[in-house]
Amino acid sequence: MATQSATAPSSTAKQGTYAAILTTLSEGSVNKHFDPFIDIDWESPEWAIIPNDPRWILPASADPLGAHPWYLALSEDRKIEIGMWRQANIAKVGLQFEQLLIGGVMNYLFAKVPNGSREFRYLNHEVAEEINHTQMFQEMVNRIGADVPGMGQVMRLLGSLVPLLGRYFPTTFFVAVLAGEEPIDHVQKSMIRSGETVHPIMRDVMRIHIAEEARHISFAHEYLRHRVPELGFVQRSTLSLAYPIIMFIACDLIVKPPRSLFSEFDIPRHIRRELFWRSPEARARRRDYFGEARMLATDIGLMNPVAKLLWRTLRIDGNLARYRGEPIRTAA
């Protein structure tokens, strides 16, 4: 009788490790969580939205539009006006993505999760946190006062289909979850790390979101590490090709501002093309969003030769992150 390799953990051991991670994540949600109407003092004078506040000017180190010569040449009032609209729309996109995530998770729990599963407890914690995030983002939008659309019209029309992935194609759904969460997390961390002055309403909302999204991203990583090796060859091969395509599409949906920003503020069309994603700098920035996603794809066996070619064709290939949360470093 063949004996199991000492270096290959048994199925029972893998299940135990996964269950322990879910318990840790659930306990983290109990011990450290935020309520946007308790932990944020919305009526504080520091949080007041006042006219001509230069803290709304887009930070050049974290926002590509904020670094563009066209934007830098504008008057301060115009920079502030565009900055407020842009930040409100980013928050709106964030809450719309959270709503899709909540729908998909509830579909997954309804159809796929049996009694006794620790996924049930953790994912309900995550949904509770995501609901708080939608409240927090919408309150931020309301206080800024810009009537922003969030995602583009196509996604608003097709968005109701995304939660069905949670029921019928759960591994694909959690890849889509990562495809949305990774760019948002990357942009917010870059803004916090930049040290540039931003309005306190943005600063504190981002800090809360980053803290709790760390758990959500960790779960999606661990779910895929646990589930993908169980898939058959055809399913794994299909997912290896779907993975970079989902990352590519989601990045556009999450990061690119809607056309209404450019029309409302008479931003030249060529600037939109440069920023998303014609210039070498823009393409490098997009590649940076997915270092952790590429690391995960490699770890779980989804970076086969055909998949590598697809990553390169989509121009989102690049170095792998060495660990989760590794900052992007540039040469001095």
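The residue numbering used here restarts from 1 in each chain and proceeds along that chain's sequence as written. Local features in a predicted model are, by the rule used here, given only for residues with pLDDT of at least 70; side-chain atom pairs are given and counted only at 80 or more, and totals for whole chains, interfaces and linings are based on all residues. Side-chain numbers here rest on the full set of heavy atoms in the structure, without hydrogens or water.

**Some thoughts on the confidence of the model for the protein chain**
The condition is simple: Across the chain, each position has a pLDDT score giving the predictor's confidence in that residue, from 0 to 100. Runs of H or I in DSSP of at least four residues are treated as helices and runs of E of at least two as strands, each being numbered from the N terminus. By the convention used here, residues are in contact when the closest approach between their heavy atoms is within 4.5 Å.
Residues at a pLDDT of 70 or more form 95% of the protein chain, whose mean pLDDT is 90. Within the protein chain, the lowest mean pLDDT, 80, falls on helix H6 (residues 153-158), and the highest, 97, falls on helix H15 (residues 305-313). Confidence over residues 1-7 falls short of pLDDT 50; this stretch has two contacts with residues more than four positions distant or in other chains.

**Details of the nonpolar core**
Basically, it comes down to this: The term nonpolar core refers to a set of buried residues drawn from Ala, Val, Leu, Ile, Met, Phe, Trp, Tyr and Cys, joined through side-chain atoms within 4.5 Å. Accessibility here uses a 1.4 Å probe with only protein chains present; expressed as a share of the type maximum, an area under 20% marks a residue as buried, one over 50% as exposed, and anything in between as partly exposed.
Formed by 92 residues in total, the largest nonpolar core has its most connected members in Phe 174, Phe 219, Leu 224, Tyr 243, Met 247 and Trp 311. By residue number, the principal contributor to this core is helix H4 (residues 76-112), which donates 15 residues. Excluding residues that lie within four positions of it along the chain, Leu 224 makes contacts with Thr 171, Phe 174, Val 175, Leu 178, Pro 229, Leu 296 and Ile 300.

**A short note on a nonpolar patch on the surface**
Put simply, the test is: Nonpolar side chains (Val, Leu, Ile, Met, Phe, Trp, Tyr) are joined into patches within 5 Å and like charges within 9 Å, using only residues with over 30% relative accessible area and no salt bridge. The method behind every accessible area is Shrake-Rupley, applied with a 1.4 Å probe, and residues are considered shielded solely by the protein chains displayed. Salt bridges are defined as contacts in which a side-chain nitrogen from Lys or Arg sits within 4 Å of a carboxyl oxygen from Asp or Glu.
A contiguous nonpolar surface patch, about 760 Å² in accessible area, is contributed by Val 154, Leu 157, Leu 158, Leu 161, Leu 164, Tyr 168 and Phe 169. Mapped by element, the contributors of at least two residues to the nonpolar patch are H6 and helix H7 (164-168). Looking at the nonpolar patch element by element, the count peaks at three residues for H6. With respect to the element layout, Leu 157 can be found in helix H6.

**Quick notes on the packing of aromatic side chains**
The line we're drawing: Ring geometry is summarised as follows: Phe, Tyr and Trp rings, the Trp one being its six-membered ring, pair when their centres sit within 6.5 Å, and such pairs are stacked at plane angles under 30 degrees, edge-to-face over 60 and tilted between the two.
What the rule picks out here adds up to 14 aromatic pairs. Relative to Trp 311, the ring of Tyr 243 lies with its centre 5.8 Å away and its plane at 45 degrees, an arrangement referred to as tilted. With Tyr 243 in helix H10 (residues 233-255) and Trp 311 in helix H15, this residue pair connects regions lying 68 residues apart in the sequence. For Tyr 243, a relative accessible area of 0% gives the class buried. Between Tyr 289 and Phe 290 the ring centres are 6.4 Å apart and the planes differ by 90 degrees, which places this aromatic pair in the edge-to-face class.

**Remarks on the packing of H10 against H15**
Stated formally: Orientation is described by axes fitted as lines to C-alpha atoms, over the contacting stretch for helices, and by angles from 0 to 180 degrees between their N-to-C directions. Just so you know how the angles are binned, under 35 degrees is roughly parallel, over 145 roughly antiparallel, 65 to 115 roughly perpendicular, and the rest oblique. By convention the crossing between two helices is left-handed if the near helix lies anticlockwise of the far one by an angle smaller than a right angle, and right-handed if it lies clockwise.
The N-to-C vectors of H10 and H15 enclose an angle of 15 degrees; their axes lie 9 Å apart at closest approach. Looking at the two axes, H10 sits roughly parallel to H15. Crossing geometry of H10 relative to H15 is assigned as right-handed. Contact with H10, carried on its side by Ser 240, Leu 241, Tyr 243, Pro 244, Ile 245 and Met 247, involves Val 306, Ala 307, Leu 310 and Trp 311 of H15 and no other residues of that element.

**Describing the side chain of Glu 139**
Under the convention used in this document: Pairs of N or O atoms within 3.5 Å make up the polar contacts considered here, provided that, within protein, one atom can donate a hydrogen while the other can accept it, and that residues adjacent in sequence are counted only when both atoms are side-chain atoms.
You can see Glu 139 is positioned in helix H5 (residues 118-144). Looking at Glu 139, its side chain comes within polar contact range of the side chain of Arg 143, at 2.8 Å.

**Observations concerning the environment of Gln 135**
Looking at the secondary structure, you find Gln 135 in helix H5. The class for Gln 135 is partly exposed, based on a relative accessible area of 41%. Along the sequence, Gln 135 and Pro 257 sit 122 residues apart, while their C-alpha atoms lie 21 Å from each other. Aside from chain neighbours lying at most four places away, what touches Gln 135 is Pro 36 and Phe 37.

**Re the side chain of Ser 279**
For Ser 279, the location among the structural elements is in the loop between helix H12 (269-278) and helix H13 (280-288). Among the polar contacts listed, one links the side chain of Ser 279 to the backbone oxygen of Glu 274, at a separation of 3.2 Å.

**Digging into H4**
Stated precisely, the cut-off is as follows: By this rule, a helix spans an expected 1.5 Å times one less than how many residues it contains.
With 37 residues, H4 extends 53 Å between its outermost C-alpha atoms, agreeing within 8% with the 54 Å of an ideal straight helix rising 1.5 Å per residue. Of all 37 residues in H4, 26 are buried; the element is thus mostly enclosed.

**Things to note about a positive patch on the surface**
Put simply, the rule is: We score Asp and Glu as negative and Lys and Arg as positive, and we do not count His or the chain ends. Just so you know, the charge point we use is NZ for Lys, CZ for Arg, CG for Asp and CD for Glu.
On the surface, a cluster of positive charge is made up of Arg 259, Arg 269, Arg 273 and Arg 278. Per element, the largest residue contribution to the positive patch is three residues, and it comes from H12. Turning to its location among the elements, Arg 259 is positioned in helix H11 (residues 259-264). With a relative accessible area of 59%, Arg 259 lands in the exposed category.

**Remarks on the packing of H4 against H5**
For the record, the criterion: Gly counts as polar in this scheme, as do all residues outside two lists: the nonpolar Ala, Val, Leu, Ile, Met, Phe, Trp, Tyr, Cys and Pro, and the charged Asp, Glu, Lys and Arg.
Their axes nearest at 8 Å, the elements H4 and H5 cross at an angle of 155 degrees. With respect to H5, the element H4 is oriented roughly antiparallel. Between H4 and H5 the crossing geometry is left-handed. For the contact of H4 with H5, the per-class residue count stands at 18 nonpolar, seven polar and five charged.

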